[in-house]
Amino acid sequence: MATTGRPGLAELKAEGLAVAVVSTEWNAGIVDKLVQRAREAGKVAGVQVDEFKVAGALELPVVVQAAAQRYDAVVALGCVIRGSTAHFDYVCDSVTEGLTRIALDEQTPVGNGVLTVDNEQQAIERAGGEGAIEDKGAEAMQAAIGACLELAKVRTRPVKN
């Protein structure tokens, strides 16, 4: 797991923004922690946070896209744990490509907090909270808010002729 080189968890101020958090029901214990940490980071930044649930990671993109049309930013949260088949690779690739496409097509920041791990212990270590070495729920929220604030700056610039 990469824990070096990541940006500091800056104190962002984004009052007036609304962020949708879309999370999965699979691996609920892990995902609930991700959602809690994202919600807390949103609260610190002063954003309105609305939450939506889907069954699994493959259902994330369709709800994230709908939310991207209505919210300033979206955070996608889930946990895919490698099994003994290639299904893991297909799910992870599809979700990542889908979320990236949505961000580009909708021009709305999407924080990708979908954990893709080899085992449950790795997920616990990345979910935030006591003893965790990473805080992917909070980081996804902060990334989405940060991109939203920067995008607002870019949009104040006149369109190039």
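A brief look at the structure comes next. On a predicted model such as this, the values are computed, not experimentally measured, just so you know.

Parameters at a glance
Residues numbered from 1 in each chain as written. Predicted model: local features only at pLDDT ≥ 70, side-chain atom pairs only at ≥ 80, totals over all residues. Heavy atoms only, no water. Axes fitted to C-alpha atoms, helices over the stretch in contact; angles between N-to-C directions. Helix = DSSP H or I, 4+ residues; strand = E, 2+ residues; numbered from the N terminus. Parallel < 35°, antiparallel > 145°, perpendicular 65-115°, else oblique. Left-handed = near helix turned anticlockwise from the far one by under 90°. Contact = heavy atoms within 4.5 Å. Nonpolar A, V, L, I, M, F, W, Y, C, P; charged D, E, K, R; others polar. 1 Å grid on protein atoms, 1.4 Å probe; cavity = no way out; pocket = protein on both sides within 12 Å on 5 of 7 lines; lining within 4 Å. Points joined across faces, edges and corners; volume = space filled by probe spheres on them.

When two helices pack together, you describe them by how their axes are tilted relative to each other and by the distance separating the axes. Put simply, helix 2 (residues 60-68) and helix 3 (residues 87-106) touch, their axes get as near as 9 Å, and they point 15° apart. In terms of orientation, helix 2 and helix 3 fall into the roughly parallel class. Of the two elements, helix 2 crosses helix 3, and the hand of that crossing is right-handed. Taking contact as the criterion, the partners of Leu60, Pro61, Val64, Gln65 and Ala68 in helix 2 are, on helix 3, Val95, Gly98, Leu99, Arg101, Ile102 and Glu106. By residue class, the composition of the contact of helix 2 with helix 3 is 7 nonpolar, 2 polar and 2 charged.

Now for empty space enclosed by the protein. One pass over the structure, following the stated rule, counts 1 cavity of 30 Å³ or more. Within this model, the largest cavity holds a volume of roughly 40 Å³. Taken together, Val80, Val91, Cys92, Val95, Thr96, Asn112, Val114 and Thr116 make up the lining of the largest cavity. Per element, the largest residue contribution to the lining of the largest cavity is 4 residues, and it comes from helix 3. The residue makeup of the lining of the largest cavity, split by class, is 5 nonpolar, 3 polar and no charged.

Interpretation in functional terms is not warranted from these geometric data alone.
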